[in-house]
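# Architecture at a glance
If you want the building blocks of each chain, they are given just below.
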Amino acid sequence: MIRPFFILCAIFHNNGVSLSSKIRKFPDSFEFGASTSAYQIEGGWYEDGKGLSIWDIATHMDPSQIKDKSTGDIAADSYHLYKRDVEIAKELGLDFYRFSVSWPRILPKGLPNQINQAGIDYYNNLINELLKNNIKPFLTIYHWDLPYELQKLGGWINPHVVDWFVDYVKILYDYYGDRVKLWITINEPKQICYEGYGSTLKAPMLNASGVAEYMCAKNLLLAHAKAYHLYNQNYRKLQNGTVGISISCTWFEPASETIDDHQAAVDANQFDWGQYAHPIFSKAGHFPFELKKNIALKSAEQGFSRSRLPELSASEVALIRGSADFFGVNTYTTKLAYRDASLDGLYAVPSYMDDMAAVVVGNPTWPQAKSTWLQEVPWGFYKLLKEIKKNYNNPVVYITENGWSTAGGLFDDDRIQYYRNYLSVLHDAIEEGCDVRKYTAWSLIDNFEWKNGYTEKFGLYEVDFSREDRNRTPRKSAYVYKEIIRTKSLDTTYEPEINTV
Ligand code: NOJ
């Protein structure tokens with residue numbers, strides 16, 4: 001039986017973090033941006049020579065997998081409306097715009113023997129338009145839309161993916177590196193590996209938990225590291241940019257003060273984000289101790305001849321360790337973790353969840369977004385930032401995603417409250433020495449929210465998906481974010497006059 005967690009969690013309030021109402025100024029050098037990704041906004045799914053991605057296949061093969069049976073075929077139509085997107089970025093006063101490149105738009109078959117010039121041109125135009133408007137392009141190389149041709153070969157669980165990825169990356173550095181100085185290699189490894197290969201939550205929905213997500217993790221870390229070293233060796237001197245990775249980090253808090261619950265939270269944090277952060281940002285490198293221990297023990301008990309977590313050789317550990325100029329943090333929410341008899345039989349064996357051996361739950365008293373998984377817990381964000389500082393010797397952190405979903409509508413006071421509260425604790429963390437230098441709102445505009453289709457809206461601007469012109473309209477939160485950027489400060493008393501964007 002699952003524990004009645006609402007009793008357990010009544011003790012948590014703001015957990016010592018003050019949600020201050022005074023005006024709080026961010027450092028002059030601090031930068032604000034907003035983010036999107038290719039499949040979620042572009043559309044143009046089969047236009048001008050683009051190849052198919054695993055999301056094109058997932059949405060077309062079995063539409064019932066997507067809540068509203070929708071696809072990203074047109075999405076927000078940014079393939080045609082990118083100038084309007086840049087105009088919006090300009091209206092908001094963004095310092096940078098984070099977008100991703102669709103691998104199959106550049107390489108329709110995934111491999112570099114056939115480059116799609118129309119795809120190259122599209123991102124050239126977008127980058128030039130941004131620069132013309134004084135907005136820095138922040139380019140994510142991979143945000144989940146793997147070429148289907150590469151999935152046929154196993155995708156992220158085939159070790160050759162490392163070379164395929166590096167070939168693709170080289171093309172982007174070659175074509176865009178003269179103007180793009182901010183690079184993210186890969187967006188959210190856990191969602192790619194666990195959700196895509198260990199479950200059916202994301203394409204390619206392989207559902208081979210306990211094995212596939214760890215194979216994916218190793219390949220992904222190596223692909224990232226090689227892309228980073230390629231930049232160092234061949235491009236950095238000339239192009240002088242910065243290269244990092246965006247890791248999704250949920251904060252897991254022990255549900256009670258027992259040793260078991262404490263350990264459950266430690267393990268959950270290590271499985272969720274330490275799995276990817278520790279090999280890159282820790283002094284020792286390699287997968288975290290908790291991951292190695294839990295998976296090795298369970299694998300032995302289960303009769304496997306070796307741990308289901310692949311080995312990293314000493315040279316692989318060295319290659320991965322230190323392979324980032326910044327830690328891109330995508331963060332949205334917090335969960336409570338506990339460990340007790342209710343775990344018996346709860347998860348499939350073997351599986352990622354069974355290896356982690358924690359029950360993770362929200363708290364019904366926390367403000368709830370439209371997305372079931374998303375609750376507003378600013379103190380969790382604060383604790384996460386402090387933990388990153390402590391564990392990884394205070395790395396340079398860019399918040400590369402943070403945001404709130406609603407069912408729609410222009411008056412989004414809950415989103416405004418979320419942004420203000422998260423920015424307020426971010427300010428606390430900076431004051432206490434966390435080296436956070438950028439903040440990115442998710443998302444610039446409404447978009448295709450993966451298996452939830454268009455039922456969850458994250459945009460600062462609303463997109464009218466029922467209209468052919470995909471008209472974009474600023475929400476109230478857009479006016480508030482614009483003022484935060486303009487003043488580089490948080491003033492919770494500010495009430496926008498609508499229509500001033
Ligand atoms: C993380 C992902 O990077 C993005 O694609 C997604 O839409 C948001 N979180 C919200 O779920």
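Rules used throughout
Residues numbered from 1 in each chain as written. Predicted model: local features only at pLDDT ≥ 70, side-chain atom pairs only at ≥ 80, totals over all residues. Heavy atoms only, no water. pLDDT = per-residue confidence, 0-100. Contact = heavy atoms within 4.5 Å. Disulfide = S-S within 2.5 Å. Helix = DSSP H or I, 4+ residues; strand = E, 2+ residues; numbered from the N terminus. Buried < 20%, exposed > 50% of the residue type's maximum accessible area, 1.4 Å probe, protein only. Near = heavy atom within 4 Å. Polar contact = N/O pair within 3.5 Å; in protein donor to acceptor, adjacent residues only side chain to side chain. Areas by Shrake-Rupley, 256 points an atom, 1.4 Å probe, with all protein chains shown as cover. Nonpolar A, V, L, I, M, F, W, Y, C, P; charged D, E, K, R; others polar. Axes fitted to C-alpha atoms, helices over the stretch in contact; angles between N-to-C directions. Parallel < 35°, antiparallel > 145°, perpendicular 65-115°, else oblique. Pairing = 2+ DSSP bridges.

## Comments concerning the confidence of the model for the protein chain
Taken over all residues, the pLDDT of the protein chain has a mean of 96, while the share at 70 or more is 95%. Contacts of residues 6-13 to residues separated by more than four positions or lying in other chains number 13 contacts, the stretch itself having pLDDT below 50.

## A short note on the state of the cysteines
Tallied over the entire structure, the rule returns one disulfide. A disulfide bridge connects Cys193 with Cys216, and the sulfur atoms are separated by 2.0 Å. Given an S-S torsion of about -70°, the disulfide between Cys193 and Cys216 has left-handed geometry. Within this pair, whereas Cys193 is found in helix 9 (residues 189-197), its partner Cys216 is found in helix 10 (residues 212-239), the two being separated by 23 residues in sequence. For Cys216, a relative accessible area of 0% translates into the label buried. Just so you know, Cys249 is unpaired, no disulfide at all, and the nearest cysteine sulfur is the one on Cys434, 13 Å from it. A residue is classified by how much of its surface remains accessible, and Cys249, at 1% relative accessible area, is buried.

## Things to note about the site of the ligand
Contacts to the ligand come from Gln40, His143, Trp144, Asn187, Glu188, Tyr332, Trp373, Glu401, Trp442, Glu449, Trp450 and Phe458. Side-chain polar atom of Trp442 to an oxygen atom of the ligand: 3.3 Å apart, as the coordinates give it. Against a free-state accessible area of 300 Å², the protein chains account for coverage of 95% of the ligand. Across the shell around the ligand, the residue classes break down as six nonpolar, three polar and three charged.

## Details of the packing of helix 11 (residues 259-281) against helix 12 (residues 289-301)
Relative to each other, helix 11 and helix 12 sit at 105°, their axes nearing to 9 Å. Between helix 11 and helix 12, the angle falls in the class roughly perpendicular. Contacts between helix 11 and helix 12 involve Gln263, Val266, Asp267, Gln270, Phe271 and Gln275 from the first element and Glu290, Leu291, Asn294 and Ile295 from the second. Its residues assigned to classes, the contact of helix 11 with helix 12 comprises four nonpolar, four polar and two charged.

## Remarks on the pairing of strand 6 (residues 242-248)
Extensive coverage of strand 6 is indicated by the burial of seven of its seven residues. Pairing of strand 5 (residues 182-187) with strand 6 involves four bridges; the strand directions are parallel. Each bridged residue has a counterpart across the sheet, and for Ile184 the counterpart in strand 6 is Gly244. Pairing of strand 6 with strand 8 (residues 326-330) involves five bridges; the strand directions are parallel. Each bridged residue has a counterpart across the sheet, and for Ser246 the counterpart in strand 8 is Gly328.

## Things to note about unusual backbone geometry
Here the amide bond leading from Val349 into Pro350 is cis, since omega sits at -5°, within 30 degrees of zero. Take Pro350: it is sitting in the loop between strand 9 (334-338) and helix 14 (352-356). For Ala75, which is not a glycine, the phi torsion comes out positive at approximately 50°. Tracing the backbone through its elements, the reader meets Ala75 in the loop between helix 3 (54-61) and helix 4 (78-92). Here Ala75 falls in the buried class, since its relative accessible area comes to 2%. Here Lys488, not a glycine, exhibits a phi torsion of approximately 50°, which is positive. Looking at the secondary structure, you find Lys488 in the loop between helix 17 (476-487) and strand 15 (489-490).

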